[in-house]
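Inside the fold
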Amino acid sequence: MLSVQFIRDNTDRVKRDLALRNTSAPIDRIVQLDERRRAVLGDVEQLRAERNAVGREIGKSKDADARNAKIEAMRLVADQIDVLDADLKAVESELDALLLEVPNIVDPEAPRGPDEHSNVVLETVGGLPEFAFTPRPHWELGELVDGIDLERGVKMSGSRFFALRGGTARLHRALIQFMLNEHSSAGFVEHYLPYMLSEASLTASGQLPKFRDNLYRDAEEDYFFVPTAEVPFVNLYRDEIIGPGELPMRLVAHTPCFRREKMSAGRDVRGIKRLHQFEKVEMFVYCEPEDSTAELELLVQRARRIPEMLGLTYRVVALCTGDIGFNATRTFDIEVWSPGAGEWLEVSSASNCLEFQARRANIRYRPQADAALRHPHMLNASGLALPRTLISVMETYQQEDGSIRVPDVLRPYVGTDVIPAVEPRG
């Protein structure tokens, strides 16, 4: 979150950034509460100083009547302090809650615009694939290779669920293993993370309170199902101090991700593009503030390396101010081409969150043994998300009979060169 001091010192900038995000937050109320908090603190400190001074006089006093009068006066002062302490507690409680509603500042270099239509395509890599036949969308290919079972997924769980089997399931697993291996070989330390998290963890990462309606929750145990590995990665060092020489930390993990799709009703209803449950390989970085711009570039390069190695057409998109997420100051998306469905699919968002999440999670680091504590910067990027990467692979490598060639880099993982078309199961 933004510190109250930053909001106080940069009120106009914070309000301008809210307008650029096409959103709002109670900035005036925050400033008002901060003024009230500081005024009450001043009054409390003054009264405590008075009480301490008079206490010393009482100890030295030889006049019983004068001493008793001062004691009675200090009882009244103590009552005043109690009233002010209660007022201070109420002010701080409201102030802390409102600060959680304020999004991050936006990078001055982010494109301006109110929504996704103002995003800027920076680069497109590879030409659109050409076919001697009309390419099929993945939901048709899934039937031809008997690999995607939408009907039984819906039967088991409801809409926006699916099942994979056979060669398609192996291809899905191969993509996860391949991506983990690639990022690990580049120095990202692989982690296995919890899939259920506490409310404190979701608050620290910035998903709560704003996105509560998009999260799945176990009401009995009060656990939230992980929406992305970014959340547990933020909380690895919550309330801790990272020692000198430990930054940067570059981390990677695979987790399932669980999200409600209330905001996308009626969108992407065909196939497996928008789901309540999906898989993702996530990269995450803790670094010193001076290095976060370079680390963001590294994450973008790592994310785009995957479609390059898979032979997929992709593009890099700079998100505009109105489309940047709540926690981020700057975001770049990687989108891969889906030739069967004829659309671009987002498979990665690489974001710099500055110290926003570290401050919420109370994470600090010490640059040197005798240096003052600082908040690290945190960054995240999908590396990549599934099943959209699977969709692009299936549609890009499809053959006329509906079979799917396996990209060269995945063949050691899948164990075959081709996923054949078969007669559909009953």
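Before any of the text, the structure's been laid out above.
Report on the accompanying structure.

Let's talk about the sheet that holds strand E7 (residues 223-225)
With antiparallel pairing, the three strands of this open sheet are ordered in space as E5-E7-E6. Looking at strand neighbours, the two that pair on one side only are strand E5 (196-197) and strand E6 (217-218), the edges of this open sheet. Sheet topology note: the E6/E7 ladder contains two bridges and is antiparallel. When the sheet's bridge partners are listed, Asp218 is paired in E7 with Tyr223.

Quick notes on the sheet that holds strand E1 (residues 120-125)
In space, the eight strands of this open sheet follow the order E1-E11-E12-E13-E15-E10-E9-E4, with mixed pairing throughout. With one partner strand each, in any of the chains shown, E1 and strand E4 (189-191) form the two edges of the open sheet. Pairwise comparison of adjacent strand axes, ignoring direction, gives a mean angle of 25° for this sheet. Two strands pair when backbone bridges link them, and strand E12 (residues 330-338) and strand E13 (residues 343-352) are joined in this way by nine bridges, in the antiparallel orientation. Bridging from a neighbouring strand, Val336 pairs with Leu345 of E13. This element, helix H7 (residues 166-185), spans E4, strand E9 (249-258), strand E10 (277-287) and strand E15 (377-385) of the sheet and lies at about 5° to E10.

Looking at unusual backbone geometry
For the bond from Gly383 to Leu384, the omega torsion is 20°, close enough to zero to count as cis. Here Leu384 shows up in strand E15. One non-glycine residue, Asp222, adopts positive backbone phi at about 60°. Positioned with a positive phi, Leu354 is a non-glycine residue whose angle comes to about 50°.

Some details on the nonpolar core
Buried together is how nonpolar side chains tend to be arranged in soluble globular proteins. Within the largest apolar cluster, 50 residues are counted, with the highest numbers of intra-cluster contacts made by Leu171, Leu175, Met179, Leu299, Leu310 and Leu410. For this core, the element with the highest residue contribution is H7, accounting for seven residues. Excluding residues within four positions of it along the chain, Leu171 makes contact with Leu390, Val393, Met394, Leu410, Val414 and Ile419. In terms of nonpolar packing, the next biggest core, distinct from the first, is built from 17 residues, Phe233, Ile242, Leu247 and Tyr365 among them.

Each value, and the rule that gives it
Residues numbered from 1 in each chain as written. Predicted model: local features only at pLDDT ≥ 70, side-chain atom pairs only at ≥ 80, totals over all residues. Heavy atoms only, no water. Pairing = 2+ DSSP bridges. Helix = DSSP H or I, 4+ residues; strand = E, 2+ residues; numbered from the N terminus. Axes fitted to C-alpha atoms, helices over the stretch in contact; angles between N-to-C directions. Contact = heavy atoms within 4.5 Å. Core = buried A, V, L, I, M, F, W, Y, C linked by side-chain atoms within 4.5 Å. Buried < 20%, exposed > 50% of the residue type's maximum accessible area, 1.4 Å probe, protein only.

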